[in-house]
Amino acid sequence: MHATSRALRHLLVILALSLGGCAELGTLGNRDNAPAATDAEQWFKNGEFDRAGQAFMDIADGEREYRDHYRLRAAEAFREEGNLNAVAWALEGINARRLPEGEQPRLDLLEAELALSKKDAQRATTLLALDESKLPRPLRVRALELRARAQVLAGDAFASARTRVALNPALQGKDRERNENQIIDTLAQLDAQTLKQQGASLLPGDALRPYIDYALRRSGQALPQTLAQPGLPVGTQGGANALDGEGYRAARAVALLLPLDGQLKAVAQAVRDGVFAAYFSDTHMPRPQLRVYDAGNSAADAVSAYQRAVADGADRVIGPLRRDAVSAVFAQSPLPAPVLALNLPERGEAPPPGSAAFGLNPDTEGAQAAQHMLDRGITHAAIVAADSDWAERAAAAFRAQFEAGRGSVIGESRLKAGELNFSTSIKNALAALPAQGAATATPNSSTGDDAAGANNSGVFISMTPQQARLFVPQLKLAGYANLPVFATSHLFGGLINPGMDRDLDGVEFCDAPWLFDAVVGLPRHGDIANSLESARGAGARLFAMGMDAYALVAYIDWMSQHHDAYLPGATGQLSNDGSGRIQRLLTWARFTDGVATPATGSLQIGNPTP
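My aim in this report is to walk through the structure given alongside it, one point at a time.

1. Brief notes about the overall build of the protein chain
Here is step 1: When its secondary structure is counted, the protein chain shows 24 helices and 18 strands.
Here is step 2: Of all 610 residues assigned to the protein chain, the portion counted as buried reaches 54%.
Here is step 3: In the protein chain, of all internal contacts separated by at least 6 residues, the share reaching a separation of at least 24 is 64%.
Here is step 4: Surface accessibility of the protein chain: about 26400 Å² in total, with carbon and sulfur atoms responsible for 50%.

What follows is the structure in structure tokens.
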């Protein structure tokens, strides 16, 4: 073969390799080596990496012009085999200057991996000073993963977590799940105070923030939230046809992914009934097709249900419901049909672009209760919560928000399931507060930092109705009759029961406004509850969530770009926090004569008129 033609052929093949990462390499070198190189590449493709590596080394021994290239290929084969000793052997004697420009980053990555195996973080960091944006995707993924490992080895766990967050969008399935778990494990190496300081330095929509929050929750703590303050309801800025023109984007086919059996069957039924109630009340014509898919009782079942829905032509998906299922579906990113998940992902990761996460999260309620108390001038709070996951989450969110607002938590306690006498819990939580002479806190009261006093103190509770009906009377008997009490929605069973709830008089709690008919334009709660059992009691909130989920689907795109816009929903004023999470601004209610009614000045929501 003419030398010039052969050199051109070598150049073209190497260029193709550099553009495609470690793609199949064509035959290089003299014509005698061509069959051997072809065989080696085929073994590489078949996963026979050790055999391929040995073959590449044999070819390199008989080459002069492309010796370095074939040794690099051998090293890459041995790396795939997991034999780093053989990688080091193959790289010995390579002259980087003799490699084409596109192959040099591959050499750097291999040498960086060897440096990491020897715990040489400095050398690895130097080798990884690459502009990964200019690398082919496979090499970019490797560069980021190796950089994250080097940063941990160098003692910079926060930088490593940040690098892995940048890596995450390029991964799918199990690879993405492993990377997200690594982010959490890396952050867990830092103490809680450092995590809080780092979290406070981040913007609200920073993709790293949810992982810091998740890591903190392992120790019962949390980051304060940026509470939604949306300004304009959707459908109010576009003239006479605003509802159809401004923000509204009709779906063609909506898939609803819910478990039809199992532990969450009752929960799913209430959500499903709410979705269908909103669907049949939809005045937009034609309405989209709406089809229910069984999401099963595992993450794999939910992924399969999503794939079936897409294959059937769904262009919007509502669900799934389980947190692990939400994470699994999101990990399939990019998603051909945008998803409105009915829970937050398991590790708090941000939804893929175009999708969103929506749920009735106790964290939201705890944070808003803290802000509500601070707005009332209460600067000292005791926390009493049930010994359960949802109550712990609410308590952690309350503490984080309250302390971020310069409030002071004077004590905490937990109520065990089945416990009837709460005197010890009351004493432990309120020991810093004098029992006698308590007066109800008033707006604009003193916010000084002196010792806890009754005039600027209150109690935050997160517990079941049964526990609250025992706790509040015992709190009063302990000498705190006039101390204001604020709660999450969990203490309200959703039914009017004056005989049992009269002991809760004076307690304020945040909840879904639809339960109190505080949303103009939606059907009355009582009217639907009279017809559908799933809209009664505690299930009413899930029913309201279903109504909101259907309404949100048409506005997801608009709200993702307009963070001051909100949808007046059954579960609250709904807005996008900028990271694909739907926030709820709740209403406040108070028990009076055993009946829960909206508190004075509480949120009143109006729906845009179709």
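2. Some details on the packing of aromatic side chains
Here is step 1: Inspection of the entire model under this criterion finds 18 aromatic pairs.
Here is step 2: Measuring from ring centre to ring centre gives 5.2 Å for Phe398 and Phe402, while their planes differ by 15 degrees; the resulting arrangement is stacked. With Phe398 and Phe402 both in helix H18 (residues 389-404), this residue pair falls four residues apart, about one helical turn.
Here is step 3: Three or more aromatic residues link up through ring pairs in this structure, and these residues are Phe276, Tyr279, Phe280 and Tyr550.

3. Let's talk about the pairing of strand E11 (residues 508-511)
Here is step 1: Burial along E11 is two-sided: the face carrying Glu508 and Cys510 and the face carrying Phe509 and Asp511 are both buried.
Here is step 2: Two strands pair when backbone bridges link them, and strand E10 (residues 485-487) and E11 are joined in this way by two bridges, in the parallel orientation. Paired with Phe486 across the bridge in E11 is Glu508.
Here is step 3: When E11 meets strand E16 (residues 587-592), the two strands line up antiparallel, connected through four bridges. Note that in E16 the partner of Cys510 across the bridge is Trp588.

4. Some points on the sheet that holds strand E13 (residues 565-568)
Here is step 1: Spatially, four strands are ordered E1-E13-E14-E15 in an open sheet, and the strand pairing comes out mixed. The open sheet terminates on both sides in strands that have one partner only, identified here as strand E1 (232-233) and strand E15 (582-585).
Here is step 2: Sheet topology places strand E14 (residues 573-576) next to E15; four bridges connect them, and they run antiparallel. Bridge assignment links Leu574 to a residue of E15, and that residue is Arg584.

5. Structural notes on the packing of helix H6 (residues 104-117) against helix H8 (residues 137-153)
Here is step 1: Where H6 contacts H8, the two axes come as close as 10 Å, and the packing angle between them is 30 degrees. Here H8 runs roughly parallel to H6, going by the angle between their axes. For the pair H6 and H8, the sense of crossing is left-handed. Between H6, through Arg106, Leu109, Leu110, Glu113 and Leu116, and H8, the contact on the second element is made entirely by Leu139, Arg142, Ala143, Leu146, Arg149, Ala150 and Leu153.

6. Notes on helix H15 (residues 299-311)
Here is step 1: For H15, which comprises 13 residues, the first-to-last C-alpha distance of 19 Å matches the rise-based estimate of 18 Å (1.5 Å per residue) to within 8%.
Here is step 2: Here H15 has its buried residues at Ala299, Ala302, Val303, Ala305, Tyr306 and Ala309. The buried residues of H15 occupy an angular sector of 160 degrees when projected down its axis, which confines them to one face. In H15, the exposed positions that point more than 90 degrees away from the buried face belong to Ala300 and Ala311.
Here is step 3: At the exit of H15 stands Gly313, carrying a positive phi of roughly 100 degrees.

7. What about the sheet that holds strand E5 (residues 339-341)?
Strands in a sheet are paired, the pairing made by backbone hydrogen bonds, and the direction either parallel or antiparallel.
Here is step 1: Spatially, E3-E2-E4-E5-E6 is the arrangement adopted by the five strands of the open sheet, whose pairing is parallel. The open sheet has two free edges, formed respectively by strand E3 (289-294) and strand E6 (356-357), since each of these has just one partner strand.

8. Regarding the environment of Gln182
Here is step 1: Mapped onto the fold, Gln182 is located in helix H10 (residues 173-187).
Here is step 2: Here the alpha-carbon distance between Gln182 and Ser160, two residues 22 residues apart in the chain, equals 9.6 Å.

9. Let's talk about the nonpolar core
Here is step 1: Leu430, Phe471 and Leu491 are the most contacted members of the largest nonpolar core, which totals 93 residues.
Here is step 2: Looking at which element gives the most residues to this core, the answer is helix H23 (residues 539-553), with nine residues.
Here is step 3: Leave out the neighbours within four places in its chain, and Leu491 touches Ile461, Met463, Thr464, Pro465, Ala468, Leu504, Val507, Phe509 and Phe591.
Here is step 4: Counting residues in hydrophobic clusters, the runner-up holds 26 residues, among them Ala40, Ala52, Ala74 and Ala86.

10. Quick look at the pattern of salt bridges
Here is step 1: Using the criterion set out here, one finds 42 salt bridges in the structure.
Here is step 2: One salt bridge in this structure joins Glu113 and Arg142, with 3.7 Å as the shortest N-O distance. Of this pair, Glu113 sits in helix H6 while Arg142 sits in helix H8; the two residues are 29 residues apart in sequence, bridging distant segments of the chain. Of the two residues, Glu113 and Arg142, neither departs from the other in class, the shared state being buried.
Here is step 3: What you see here is one network of salt bridges that share partners, running through Glu41, Arg73, Glu76, Glu103 and Arg106.

11. Thoughts on the packing of helix H19 (residues 423-430) against helix H20 (residues 465-480)
Here is step 1: Orientation of H19 relative to H20, taken along the N-to-C sense of each, is 60 degrees, at an axis distance of 10 Å. The angle between H19 and H20 falls in the class oblique. Crossing geometry of H19 relative to H20 is assigned as right-handed. For the pair H19 and H20, the contacting residues are Ser423, Ile426 and Leu430 in the first and Phe471, Gln474, Leu475, Ala478 and Tyr480 in the second.
Here is step 2: Class assignment for the residues of the contact of H19 with H20 results in six nonpolar, two polar and no charged.

12. What to know about helix H14 (residues 265-281)
Here is step 1: Taking 1.5 Å as the rise per residue, H14 with 17 residues should run 24 Å; its terminal C-alpha atoms sit 24 Å apart, in good agreement.
Here is step 2: Looking at H14, one finds that the buried residues are Ala268, Ala270, Val271, Asp273, Gly274, Val275, Ala277, Ala278 and Tyr279.
Here is step 3: Taken together, the buried residues of H14 touch strand E2 (253-258), E3 and H23.

13. Quick notes on unusual backbone geometry
Here is step 1: Cis peptide bonds are those with omega within 30 degrees of zero, and the linkage from Met285 to Pro286 qualifies with -5 degrees.
Here is step 2: Summarising the element assignment, Pro286 is placed in the loop between H14 and E3.
Here is step 3: A cis geometry characterises the amide bond from Gly319 onward to Pro320, with omega recorded as 0 degrees.
Here is step 4: Residue position: Pro320 is located in the loop between strand E4 (316-318) and helix H16 (323-330).
Here is step 5: One non-glycine residue with positive phi stands out, namely Arg406, at about 70 degrees.
Here is step 6: Secondary-structure assignment places Arg406 in the loop between H18 and strand E8 (408-415).
Here is step 7: In this structure, Asp517 is a non-glycine residue whose phi angle is positive, near 55 degrees.
Here is step 8: The topology assignment puts Asp517 in the loop between E11 and strand E12 (519-520).
Here is step 9: With relative accessibility at 31%, the residue Asp517 sits in the partly exposed group.

About the criteria used
- Here the residue index of a chain counts from 1 through its sequence in written order.
- Predicted model: local features are reported for residues with pLDDT of at least 70 only, side-chain atom pairs are reported and counted for 80 or more only, and whole-chain, interface and lining totals are derived from all residues.
- Water and hydrogen atoms were dropped before computing side-chain values, which therefore reflect all heavy atoms in the structure.
- Strands are runs of DSSP state E lasting at least 2 residues, helices are runs of H or I lasting at least 4, and numbering of each runs from the N terminus.
- Per-residue accessibility, obtained with a 1.4 Å probe over protein chains only, is compared with the maximum for each type, and a residue is labelled buried under 20%, exposed over 50%, and partly exposed between these values.
- Note on contacts: a residue pair is in contact if any heavy atoms of the two residues lie within 4.5 Å.
- What sets the accessible areas is the Shrake-Rupley method with a 1.4 Å probe; for residues, cover comes only from the shown protein chains.
- The criterion for an aromatic pair is that two Phe, Tyr or Trp rings (for Trp, the six-membered ring) have centres within 6.5 Å, with stacked assigned to planes under 30 degrees apart, edge-to-face to planes over 60 apart and tilted to the rest.
- By definition, two strands form a pair when at least two bridges between them are found by DSSP.
- Whenever a helix is involved, its axis is fitted only over the stretch in contact; in every case the axis is a line through C-alpha atoms, and angles between N-to-C directions fall within 0 to 180 degrees.
- Oblique is the label for any angle not covered by the other classes, which are roughly parallel (under 35 degrees), roughly antiparallel (over 145) and roughly perpendicular (65 to 115).
- A clockwise turn of the near helix away from the far one marks a right-handed crossing, whereas an anticlockwise turn of less than a right angle marks a left-handed crossing.
- Expected span, for any helix, means 1.5 Å times one less than how many residues it has.
- The directions considered for the arc run from the helix axis to the C-beta atoms.
- Take the buried Ala, Val, Leu, Ile, Met, Phe, Trp, Tyr and Cys residues and link them wherever side-chain atoms come within 4.5 Å; each set so joined is a nonpolar core.
- Salt bridge, as applied in this entry: a Lys or Arg side-chain nitrogen positioned within 4 Å of an Asp or Glu carboxyl oxygen.
- Gly is put with the polar residues, along with every residue not named as nonpolar or charged; the nonpolar set is Ala, Val, Leu, Ile, Met, Phe, Trp, Tyr, Cys and Pro, and the charged set is Asp, Glu, Lys and Arg.

As far as function goes, none of this settles anything; it's purely spatial.
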